[in-house]
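Summary of the model geometry
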Amino acid sequence: MPKDELKQEFRLIGTRPDRPDGLDKVTGRARYGADISAPGMLHAAVVRSPHAHARIVRIDATKALALPGVKAVVTRADLPTGLTGEDLNLQDNTLAGDVALYDGHAVAAVAATSALIAQDAAKLVEVTYEVLPHVIDVDDAMRPDAPVVRPGAADHSVPEGSPPNVARYMEFGHGDIEAGFKDADLVMEKTYKTEATHQGYIEPHACLGQMGSDGKGEMWVCTQGHWYIRRMSAAVLGVEAAQLRVTPSEIGGGFGGKTTIFSEPIALALSRKAGGRPVKLVMSRSEVLRATGPTASASMDVRIGMKKDGTITAAKAVFRMQGGAFIGMSPVGEALSCAFACYDIPNLWHEGHEVLANRPKAAAYRAPGSPMAAFAVESLVDEMCRALSLDPIDVRLKNGAREGTKSSYGPKYGVIGLAETLQAAKAHPNYAVKLGPNQGRGVASGFWFNHGGETSVSLAIGEDGSVTVSVGTPDIGGSRASLALMTAETLGIPYEDVRVNVVETGALGVNEPTHGSRATFASGKAAVEAARSAIKQMCARAAAEWGIDAEAVEWKDGAAVPAGPNAGKFPPMSIAEIGSKMGSTGGPISGHHESTPGGVGASFGTHVVDVEVDPETGHTTVLRYLVVQDAGRAIHPAYVEGQYQGGAAQGIGWALNEEYVYGADGRLQNPLFLDYRMPVASDLPMIDTVIIEVPNPGHPYGVRGVGETGITPPLPARANAIAAATGVRLRSLPMSPPKVLAAIKAGADG
Amino acid sequence: MSKIHVSTTVNGDPVDFLADPRETLLDCLRNQLGLTGSKEGCGTGDCGACSVTVDGVLVSSCLMLGVEAEGKQIETIEGMARGNDLHPLQRKFIEHAALQYGFCTPGILVAAKALLDKNPDPTETEVRYWLAGNLCRCTGYDKIIRAVMDAAAEMRSAA
Amino acid sequence: MVEVNLWAGLRRLTDGALVVTVEAATVGQMLDALVRAHPALEPELKGSVTIALDGEVITGGRNTPVRPDSEVYLLQRLKGG
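A few points on the structure. Owing to the predicted nature of the structure, the values given are computational and were not obtained by experimental measurement. (Residues numbered from 1 in each chain as written. Chains lettered and ligands numbered in written order. Predicted model: local features only at pLDDT ≥ 70, side-chain atom pairs only at ≥ 80, totals over all residues.)

Tallying secondary structure elements over chain A gives 19 helices and 26 strands in all. For chain A, whose C-alpha radius of gyration is 27 Å, the value lies close to the compact-globule estimate of 27 Å for 750 residues. Along the longest, intermediate and shortest principal axes, the C-alpha atoms of chain A span 85 × 75 × 50 Å. Classification of the 750 residues of chain A by burial places 62% in the buried group. (Helix = DSSP H or I, 4+ residues; strand = E, 2+ residues; numbered from the N terminus. Rg over C-alpha atoms; globule rule 2.2 N^0.38 Å. Buried ≥ 20, exposed ≤ 12 C-beta atoms within 10 Å, placed from the backbone.)

Quick look at the structure:
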């Protein structure tokens, strides 16, 4: 759709009504993964490897099975063989095969009549291990003599002579980087490291699963995508996907970490073995931290050439990222593709190594790969701006990507709003506040592709003219509110007359998860199309009633009306009237839409942070924080702001405190929220937001996804602010107080 | 292990349940009494999702045993509204969009109410430090703090 | 004929070619023609390859039309959170 066709005036879009699930969530009534029970239910407990890398010699469950109340024990022997590719990966992670690959890897599981009995029984399962050498750190794993995590894992992309833990290699770019570096007045190259972090959703993974010996099953589960759960669980268990009915609970956060399975098939396997009794499996926090989620850790070299006026002439990135002991989990391709995505650089080169290590299977985490890449690239750009005494926003505006720019990852950009975010950041009062001693300001921009994905939405007109919308994207950040707004806007009816339900796998065609910032974009686009299809039918019903051509009827303000004076004189026929008569005018009226939508709009944002660093302790206080991001169009601005603020807070945690700490024995040392230190209310100030609206021509209301980009700039913005405050540059995360203090004391650049 | 009979009061109602001596108050509320509004996010008292008050004192119910509830007055999220009349905090959380996925919301509401019961006019800093024991991963806390401050202001003007 | 830009890592599988020209009217025909021209590409293209067509990243749509002047880039699989 051309830009000028995007309506500027809306009745409902851009308003802030109460969210439909608000009442349930403030009264404790909303039902999450662990909140459902079933008659005859058993409870599961999982036996996990205490070793980072060990051969499983023997599993003896005799004593566990002898405990009164224990109904079933499952091990890998209870799962089918012969899987390949990602299905085998998923099965290997669900229950270890011959080798436990990380501390916390599931080895066996028990179902019993109470959670306490199940936990007792799990301790009675005797596992004999032969401990193998392990490797944790990404740079250690790159050594030629490192312990080999998965022998023979390297695919054809890996050049001969690469270290044995490199599973995949990639390179891409354009232009002539050597010539580009020659044109530069200043060339700098630095190495950056980021630690693995966890998505940190407060709700641990939980599901209630039931499966009979006939292979028919049901699951109630907290997930971002129940069709993914269905397909993956069916593959791991060797049953047909359609025989599994998966209902999503309310979800207590995912951030990418609940787009895949971890222990869900275990509940079904236990149920199948325990005569079909339902089994509830709820992870503890330490299980969540040891065995689910995290994102990759990264080691990155970046080289940039800049002219005295700030023009970037060439850039090169070489990234090494580990995503655990499973092939294909490292987001190194995404990281490289995002690294220079904010810039228009004529000469570019990227190289990436996917590295295996004895760590949990990485999952997606909000803009996977982009925050690490931004930390490296945006830190170096800032350092060069300082070296050349240039304003960091001006340099980004000078080199910033615009409509028509050939992106760093290949294709040309459509309509994008990076420049608008930079201009708004520069004009914001925060950018003009005078700073005091030990204070510093940091700026950084960030990018995410956004995603369309398989989408199926159904809409039904009720007998009273109210409307039900069935969607397959679980609501995490308020999408039911935004989908109701778009549907009501399209139909010309009140917001309150629309109810949006997230429905089970049997009720719609396949839907991808709520991921890739796609729920409001893709389910929204489909809901609008479904509403348009229903409108067409309602106009036809009115036309038939009036005895005129369907083309002579149009839809206006929630009613069918004759299109123009020549169509005849009839009073508007409201949606309520049409709905009340539909049984006798042709039957129920519904609209539906299935597609893998294109028209995704790329997302850019710019953050400005002011910090104060205590030179005595190394403690950093965030004085003020500004997020400016292009939403395309904000359907429900309060929840767009919420995405911006939440992304910033997660990024601040990643920058400052969050990290996976492993001991020399390869065991995770901080699998508790006390030691895995996420931001708390007293760590943060109010987070200022500016919503830029550069409408996306690929969506009927101009929506771009807003969920992910916000986590990207905080890492470098914070490093840049600390450098401005202290004169010390930190190039490894997290920038915890001891590290900042040590860097200040060393006096040199970190 | 044999179970222990516990008599207590939850949200003003007398209740009885049988607790395994190892079960936490949170387990008993959720599994014995069906009060699943209190959530378990960590089981170690770090996230505050299980916040309740016991004889008026804010506690993490995952750190207290069910048998310790004998003879106490316990208040949970389920008792916060009076019938259909929401507590001002509950209304302000909806109004300010102070929740996204909402898993932390019950604990934060219970904790915020405990604050306002003690201190009807807290500063932003006081709210932030009081709620520092309640993790929220979605909101960055901004809208939560605004909702609590606004609810406090409304309650002061009504008082 | 459509010019398909490959990522550099695929050069190994295409005798060094970074741009491969194929006869195709749809994305599906284009992918099939690429495999016919360079059979070693099959495992890469069978997995989830991401295609940028005229600036837009598409993940589905084998039936999506491709014009002779379309700008086509093959990208490595991209995941979202």
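For the rest of this paragraph, the subject is the interface of chain A and chain B. Chain A puts 41 residues into the contact, and the matching count from chain B is 43 residues. Sorting the residues of the side of chain A that touches chain B by element identifies helix 1 (22-27) and helix 17 (637-656) of chain A as the ones contributing at least two each. A per-element tally of the side of chain A that touches chain B places helix 17 of chain A first, with seven residues. Residue composition of the side of chain A that touches chain B, grouped by class: 21 nonpolar, 13 polar and seven charged. (Contact = placed C-beta atoms within 7 Å. Nonpolar A, V, L, I, M, F, W, Y, C, P; charged D, E, K, R; others polar.)

Once that is clear, we can look at the arrangement of the chains. Most contacts, among the two pairs of chains that meet, fall between chains A and B. Looking at chain B next to chain C, you find no contact at all, with the nearest C-alpha pair sitting 14 Å apart.

Glancing now at the packing of helix 11 (residues 370-387) of chain A against helix 18 (residues 714-726) of chain A. Residues and elements named next belong to chain A. Running from N to C, helix 11 and helix 18 point in directions that differ by 35°, and their axes come no closer than 7 Å. Relative to helix 18, helix 11 is oriented so that their crossing is right-handed. Of the residues in helix 18, those in contact with Pro 371, Ala 374, Phe 375, Glu 378, Ser 379 and Asp 382 of helix 11 are Leu 715, Pro 716, Ala 719 and Asn 720. (Axes fitted to C-alpha atoms, helices over the stretch in contact; angles between N-to-C directions. Left-handed = near helix turned anticlockwise from the far one by under 90°.)

On to the interface of chain C and chain A. It is common to report an interface's size as the accessible area lost on association of the parts. Chain C puts 21 residues into the contact, and the matching count from chain A is 37 residues. Among the residues forming the side of chain C that touches chain A, the class breakdown is eight nonpolar, nine polar and four charged.

Take the sheet that holds strand 19 (residues 498-502) of chain A next. All names here are of chain A. An order of 19-18-17-23 is seen for the four strands of this open sheet, with the pairing classed as mixed. Among the strands making up the open sheet, the edge pair consists of strand 19 and strand 23 (590-595). Each strand of the sheet is rotated relative to its neighbour by a mean of 15°, with strand direction disregarded. Where strand 18 (residues 467-471) and strand 19 come together, five bridges link them in parallel fashion. Each bridged residue has a counterpart across the sheet, and for Thr 468 the counterpart in strand 19 is Arg 499. Sitting on the sheet, helix 15 (residues 519-546) touches strand 17 (455-461), strand 18 and strand 23, and the angle it makes with strand 17 is about 40°. (Pairing = 2+ DSSP bridges.)

For the rest of this paragraph, the subject is helix 1 (residues 27-37) of chain C. Residues and elements named next belong to chain C. Along helix 1, the residues classified as buried are Val 27, Met 30, Leu 31 and Leu 34. Within helix 1, the buried residues cover an arc of 95° as seen down the axis, which keeps them to one side. Here the buried face of helix 1 lies against strand 1 (2-5), strand 2 (19-22), helix 2 (42-46), strand 3 (50-53) and strand 5 (72-75). (Arc of directions from axis to C-beta.)

All names here are of chain A. In this structure, Ala 44, Ala 109, Val 110, Ile 266, Leu 270 and Ala 527 are the most contacted members of the largest nonpolar core, which totals 324 residues. When residues of this core are assigned to their parent elements, the largest contribution, 14 residues, is made by helix 15. Once residues within four sequence positions are removed from consideration, Leu 270 is found in contact with Ala 44, Ala 72, Val 74, Ala 109, Ala 111 and Val 279. (Core = buried A, V, L, I, M, F, W, Y, C linked by C-beta atoms within 7 Å.)

Side chains on a regular strand alternate between the two faces of the sheet. Residue and element names in this part refer to chain A. Of all ten residues in strand 13 (residues 297-306), eight are buried, a share of seventy percent or more. Of the pairings in the sheet, the one linking strand 8 (residues 186-194) to strand 13 comprises nine bridges and is antiparallel in character. Note that in strand 13 the partner of Thr 191 across the bridge is Asp 301. Following strand 13, the chain reverses through five residues before pairing antiparallel with strand 14 (residues 312-322); Gly 310 in that reversal takes a positive phi of roughly 95°.

This part takes up unusual backbone geometry. Here the amide bond leading from A:Leu733 into A:Pro734 is cis, since omega sits at -5°, within 30 degrees of zero. Residue A:Ser517 is not a glycine yet carries a positive backbone phi of 55°. Summarising the element assignment, A:Ser517 is placed in the loop between strand 19 and helix 15. One non-glycine residue, B:Asp55, lies in the positive phi region at around 50°. Locating B:Asp55 in the fold gives a position in the loop between strand 3 (51-54) and strand 4 (57-60).

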